[in-house]
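# Report on the structure
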Amino acid sequence: MRLSSKHLTLLVLLAIILLAPLGFPSNFYYRIGSLIFVNGLAVTGLVILIGFAGQISLGHAGFAGIGAYACALGPQYLGLHPAFAMLLGTALSAALAWLIGRPILRLQGYYLAVATLGFGILVSMVLANEASITGGPDGHEVPELGLRKLIETIGIHLSNAQFWYAFSGLFLLAGTWLALNLYDSPSGRALRALHDSEIAARTVGVDVARYKLFAFVLSAVYASLSGSLLALMNKFITPDAAGFLHSVELVTMTVLGGAGSVPGAVAGAALLTMLPQVLTVLQDYEHMILGLIMMLVMIFMPAGLVPSMSRLLRGRA
């Protein structure tokens with residue numbers, strides 16, 4: 001029985017999640033793995049928006065910030081359990097994406113990029129300036145999720161770093177599974193059709209406005225969940241989670257890995273999460289080397305890491 005590319009991708013990702021810890025000498029590596037999974041979840045959402053639907057967003061960190069601060073403020077002001085606060089942040093992000101997406105997705109090109117950038121900056125400013133509620137630039141503590149202690153009652157004992165590695169890995173697997181299923185579905189084909197040409201897609205009966213809004217809302221849900229996971233994992237959050245630099249980082253991961261590739265989301269997240277850690281040995285030259293590597297990837301692999309490597313391997317075969 002021959003595996004489909006969807007099932008092969010999921011099996012490879014599962015194998016990496018399960019086998020990578022065999023080479024981890026300390027909890028620090030579990031921490032890096034968790035960050036890769038959290039970033040990979042947000043980037044998978046951007047693959048749906050940018051790679052499938054062809055819509056750019058430079059403000060998606062704003063949704064990550066909403067998800068993160070929901071886990072911080074929901075328990076304090078509403079008495080919610082952090083898990084329910086995460087769901088509230090996801091619902092709020094989806095509703096906000098639907099509300100702002102209806103007008104701004106009528107824009108195209110750099111007009112759309114600037115509009116989404118404005119949204120991200122607005123969220124970041126609110127989180128930084130409303131210090132009496134959010135803690136301002138100093139940040140806000142996030143309560144413990146409590147799930148690790150719960151599973152200890154059934155005999156599973158994990159360190160904090162190991163727990164978050166496994167927990168964020170499960171979220172990434174679920175998000176990848178959903179994105180891969182979407183790619184092969186009628187909705188995924190409609191999204192890819194409007195990516196190539198909105199006029200042609202409209203001609204064959206695709207509701208362009210509806211599908212663009214659908215991609216925007218779904219990608220916002222991914223970003224919000226990643227922000228919630230990051231806040232719960234760190235037990236602390238600052239407005240930087242919603243900042244412009246974080247949005248640019250997420251888009252860069254998307255493009256480096258391959259904007260139209262779901263596996264590319266994980267590859268791009270892994271590359272930009274691990275490289276700064278590896279290049280710290282170069283000290284003053286760290287950022288220069290990182291920028292050079294990114295430039296070389298874009299010059300010689302313009303489609304991104306995963307699509308370019310896949311074509312190379314198919315060509316040799």
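Attention in this report is confined to the structure presented alongside it. (Residues numbered from 1 in each chain as written. Predicted model: local features only at pLDDT ≥ 70, side-chain atom pairs only at ≥ 80, totals over all residues. Heavy atoms only, no water.)

## So, empty space enclosed by the protein
For the coordinates displayed, the defined rule picks out 1 cavity of 30 Å³ or more. Taken as a whole, the largest cavity encloses approximately 40 Å³ of empty space. Around the largest cavity sit Val 38, Asn 39, Ala 42, Ala 64, Ser 226, Gly 227, Leu 230 and His 246, which together line it. Counting only elements with at least two residues in the lining of the largest cavity, the list comes to helix 2 (27-52) and helix 11 (208-234). Looking at the lining of the largest cavity residue by residue, the class counts come to 4 nonpolar, 4 polar and no charged. (1 Å grid on protein atoms, 1.4 Å probe; cavity = no way out; pocket = protein on both sides within 12 Å on 5 of 7 lines; lining within 4 Å. Points joined across faces, edges and corners; volume = space filled by probe spheres on them. Helix = DSSP H or I, 4+ residues; strand = E, 2+ residues; numbered from the N terminus. Nonpolar A, V, L, I, M, F, W, Y, C, P; charged D, E, K, R; others polar.)

## Comments concerning the pattern of salt bridges
Under the definition given, this model contains 3 salt bridges. One salt bridge in this structure joins Glu 152 and Arg 148, with 3.9 Å as the shortest N-O distance. Within this pair, Glu 152 and its partner Arg 148 are both found in helix 7 (residues 147-152), separated by 4 residues, close to a single helical turn. Residue classification places Glu 152 among the partly exposed positions, given a relative accessible area of 30%. Two residues, Glu 198 and Lys 212, come together in a salt bridge whose shortest N-O distance is 3.4 Å. You can see Glu 198 sitting in helix 10 (residues 198-203) and its partner Lys 212 sitting in helix 11, a full 14 residues away along the chain. (Salt bridge = Lys/Arg side-chain N within 4 Å of Asp/Glu carboxyl O. Buried < 20%, exposed > 50% of the residue type's maximum accessible area, 1.4 Å probe, protein only.)

## What to know about unusual backbone geometry
Residue Lys 235 is not a glycine yet carries a positive backbone phi of 60°. Positionally, Lys 235 belongs in the loop between helix 11 and strand 2 (236-237).

## Some points on the layout of surface pockets
When its volume is computed, the largest pocket comes out at roughly 1,100 Å³. Thr 9, Ser 261, Val 262, Pro 263 and Val 306 are, among the 38 residues lining the largest pocket, the residues nearest its centre. Secondary structure elements with two or more residues in the lining of the largest pocket: helix 1 (5-19), helix 2, helix 8 (160-184), helix 9 (186-196), helix 13 (262-278) and helix 15 (305-316). Counting residues per element, the lining of the largest pocket draws most heavily on helix 1, at 7 residues. Each residue belonging to the lining of the largest pocket can be placed in one class, and the counts come to 22 nonpolar, 10 polar and 6 charged. Taken together, 24 residues form the lining of the second largest pocket, with Leu 35, Asn 39, His 246, Glu 249 and Met 253 sitting closest to its centre.

## Details of the nonpolar core
With 76 residues, the main nonpolar core has Ile 48, Phe 63, Trp 164, Leu 191, Phe 216 and Ile 237 as its most contacted residues. Tallying contributions element by element places helix 11 first for this core, with 17 residues. Setting aside its immediate chain neighbours within four residues, Leu 191 contacts Phe 52, Ala 53, Leu 182, Tyr 211, Phe 214 and Ala 215. Counting residues in each nonpolar core, the second largest holds 12 residues, with Leu 13, Phe 37, Ala 161 and Val 266 among its members. (Core = buried A, V, L, I, M, F, W, Y, C linked by side-chain atoms within 4.5 Å. Contact = heavy atoms within 4.5 Å.)

## Comments concerning the packing of aromatic side chains
Counted by the stated rule, this structure contains 14 aromatic pairs. Ring centres of Phe 63 and Phe 119 lie 4.7 Å apart, and the angle between their planes is 35°; on these two criteria the pair is classed as tilted. Of this pair, Phe 63 sits in helix 3 (residues 61-78) while Phe 119 is found in helix 5 (residues 109-129), placing the two residues 56 residues apart along the sequence. Summarising the burial analysis for this pair, Phe 63 and Phe 119 share the class buried. Sitting over the ring of Tyr 183, Arg 192 keeps its end group 3.9 Å from the ring centre. (Phe/Tyr/Trp six-rings, centres within 6.5 Å; stacked < 30°, edge-to-face > 60°. Lys NZ or Arg CZ within 6 Å of the ring centre and 35° of its normal.)

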